[in-house]
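Structural features, examined
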Amino acid sequence: MAEVSRRQYLLAAIQTDGRPVTTSLAAQLMADSPWASTGRNTARKDLRGLTRAGLLTATDGPRRTYQLTTQHTGNS
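Rules used in this analysis
Residues numbered from 1 in each chain as written. Predicted model: local features only at pLDDT ≥ 70, side-chain atom pairs only at ≥ 80, totals over all residues. Heavy atoms only, no water. Core = buried A, V, L, I, M, F, W, Y, C linked by side-chain atoms within 4.5 Å. Buried < 20%, exposed > 50% of the residue type's maximum accessible area, 1.4 Å probe, protein only. Helix = DSSP H or I, 4+ residues; strand = E, 2+ residues; numbered from the N terminus. Contact = heavy atoms within 4.5 Å. Expected span 1.5 Å × (residues − 1). Arc of directions from axis to C-beta.

Quick word on the nonpolar core
- Among the nonpolar cores identified, the biggest contains 16 residues, and Leu10, Ile14, Ala26, Leu47, Leu50 and Leu56 are the most heavily contacted of them.
- Listing elements by their share of this core, those giving two or more residues are α1 (6-17), α2 (23-29) and α3 (40-52).
- Setting aside residues up to four positions removed in sequence, Leu56 forms contacts with Leu11, Ile14, Leu47, Leu50, Thr51, Tyr66, Gln67, Leu68 and Thr69.

Regarding α1
- In this model α1 runs 16 Å from its N-terminal to its C-terminal C-alpha over twelve residues, within 8% of the 16 Å that 1.5 Å per residue would give.
- Buried residues of α1: Leu10, Leu11, Ala13 and Ile14, and no others. Down the axis of α1, the buried side of the element spans an arc of 160°, and every buried residue falls inside it.
- Taken together, the buried residues of α1 touch α2, α3, β1 (56-59) and β2 (65-68).
- In the stretch just after α1, Gly18 is the one whose phi turns positive, near 80°.

As far as function goes, none of this settles anything; it's purely spatial.
Here is the structure:
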């Protein structure tokens, strides 16, 4: 079985959840992962990394949320 990175796990959790994600929600989604000690700061870094990779889109506002990029099909 191939190793899954923390960011890959988070992306899969976001895809499964299907709603826009805040850093708090991302940390909650990671609670049952092998990286259960992932806190808000690590979740924030992972969300920014996934955004830089073009997999998520950040929305500005009173609370920054992240959602899946619509043109991403999973075939790379």
